[in-house]
Amino acid sequence: MTEGGGAPSARPTGILLAYGLAARILAPLAYLRIRRKLHMHGTPPERIRERLGCATLPRPAGKLLWFHAASVGESLSVLRLIEHLGQKDAALHFLLTSGTATSAQMVASRLPVRCFHQFAPLDSPSNVTRFLDHWHPDAAVFVESEMWPNMLRIAARRGMPLALLNARISDRSARGWARLGGTARHLLRLFSMIHCQDARTARHLSDLGAVAARHGANLKAMAGPLPTDGAVLEDLRAHVGARPVWIAASTHPGEEEVMLNAHRTLLDNHPDALMILVPRHPDRAGAIAAQISAARATFSRRSIGAPPARTDQVYLADTLGELGLWYALAPVACIAGSFIPVGGHNPYEAAHAGSAVLHGPLYANFADAYAQMDAAGAARQVADANDLGAVLTGLFSAPSSLRDMQEAARQFAAAQDNQLAALAETVCAALKLS
């Protein structure tokens, strides 16, 4: 992590000029599609117009730091950093933007003091200009891979210091950016600070011309435990009792079969075991319920308000915003997205809750995290359904080994928190906020 860049290195490339023209032409069509999607998720009509850069809140007086994130995970990852920055400077206000209805719903009840949410403007010059004319941020932080050319260039032209936090780029994406030549270099050099979540990303961005790119701790590692409702958690614990319970977290199509087959192996040795199955996208719950029935497993569904019954072998947690509850309830968590080529999902949330972490072999998005957790005894890789079933059986048959793995997960998660203050200091210095 360091300062550097912060100004365009050259005139805009032909690609950027063509992009700006295309954005002007296509933005109205994109807005129609997005408007329908937000409406389907129950977004109020006046808030949908935020995607055109039309603010629905007044700008607060004083300094304003703008954070832009893509969706749920990225939005949640910055909340603790915002909270820390707010404690550091009581005069600083925060604007958090994202693009999805789910992200808006998830952060609504979790926003720190002096922080508010708006939908991000579509990346056309008119929408971005309208947005910036209202909000006049003093500085901006973009999270992970949110590099919208018009947004970045117009903000930089106004003299706004820019930072890219928790940057992540795959080998494939890096090859694609390299083909753009000067375009990638031009955009990357708009940032005063680029904080990369892994060494691979820092190397790729440096190769692309990002002089400010530095490897640092993963921002998601510092996000802390997910929130839980204590009364609801105690009620669920009363229903589950002393049964062996594990969570299959954030599953994708093709992974439910892996989890169900592994659970069948566990049931052969622990007949009272319960699997909490949490799909990445709850709107798939109907198809997953049919799959559970076809596997002849007994189950209940969270979305209809049913608690897990004593006879249930599977509890389908088909709701949003309750993942923290399931991690707190289950001593073992298998993080999905790692048995198919998705790249894996965030293991830190489970570790913060004290869950031993299991994962499949396909986890490129969290390669550093899983390598460190596996080495610390906080996580373990499994190859397939048979391997997962055998490891689950072993853990629940050896309670002391399971407790050791849980404690290692807690210690690993706690160690990440120590880096939050240092990151906040670096952000303040790079963006000239202190």
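A. Looking closely at a nonpolar patch on the surface. Together, Leu21, Ile25, Leu26, Leu29 and Leu32 give the surface a local cluster of nonpolar side chains, amounting to about 490 Å² of exposed area. Structurally, Leu32 is set in helix H1 (residues 14–40).

B. Representation of a positive patch on the surface in the model. A contiguous patch of positive charge, built from Arg33, Arg35, Arg36 and Lys37, is present on the exposed surface. Turning to its location among the elements, Arg36 is positioned in helix H1. A relative accessible area of 53% means that Arg36 is categorised as exposed.

C. View of the side chain of Arg51. Inspection of the secondary structure assignment puts Arg51 in the loop between helix H2 (45–48) and strand E1 (64–68). Buried and without a salt bridge, Arg51 has Glu146 as its closest oppositely charged side chain, separated by 7.6 Å. Within the local environment of Arg51, its side chain forms a polar contact with the backbone oxygen of Ala120, the two atoms lying 2.7 Å apart. Excluding residues within four positions of it along the chain, Arg51 makes contact with Tyr31, Ile34, Leu38, Gly99, Phe119, Ala120, Pro121, Leu122 and Asn127.

D. A look at the pairing of strand E12 (residues 332–335). The alternating pattern of E12 places Val332 and Cys334 on one face and Ala333 and Ile335 on the opposite face, and all of these are buried. Pairing of strand E8 (residues 245–251) with E12 involves 4 bridges; the strand directions are parallel. Along E12, the bridge assignment pairs Ala248 with Cys334. As paired strands, E12 and strand E13 (residues 356–359) are joined by 4 bridges and run parallel to one another. Within E13, the residue paired with Val332 across the bridge is Ala356.

Conventions and cut-offs
Residues numbered from 1 in each chain as written. Predicted model: local features only at pLDDT ≥ 70, side-chain atom pairs only at ≥ 80, totals over all residues. Heavy atoms only, no water. Patch = residues over 30% accessible without salt bridge, like charges linked within 9 Å, V, L, I, M, F, W, Y side chains within 5 Å. Areas by Shrake-Rupley, 256 points an atom, 1.4 Å probe, with all protein chains shown as cover. Salt bridge = Lys/Arg side-chain N within 4 Å of Asp/Glu carboxyl O. Helix = DSSP H or I, 4+ residues; strand = E, 2+ residues; numbered from the N terminus. Lys, Arg positive; Asp, Glu negative; His and termini not counted. Charge placed at Lys NZ, Arg CZ, Asp CG, Glu CD. Buried < 20%, exposed > 50% of the residue type's maximum accessible area, 1.4 Å probe, protein only. Polar contact = N/O pair within 3.5 Å; in protein donor to acceptor, adjacent residues only side chain to side chain. Contact = heavy atoms within 4.5 Å. Pairing = 2+ DSSP bridges.

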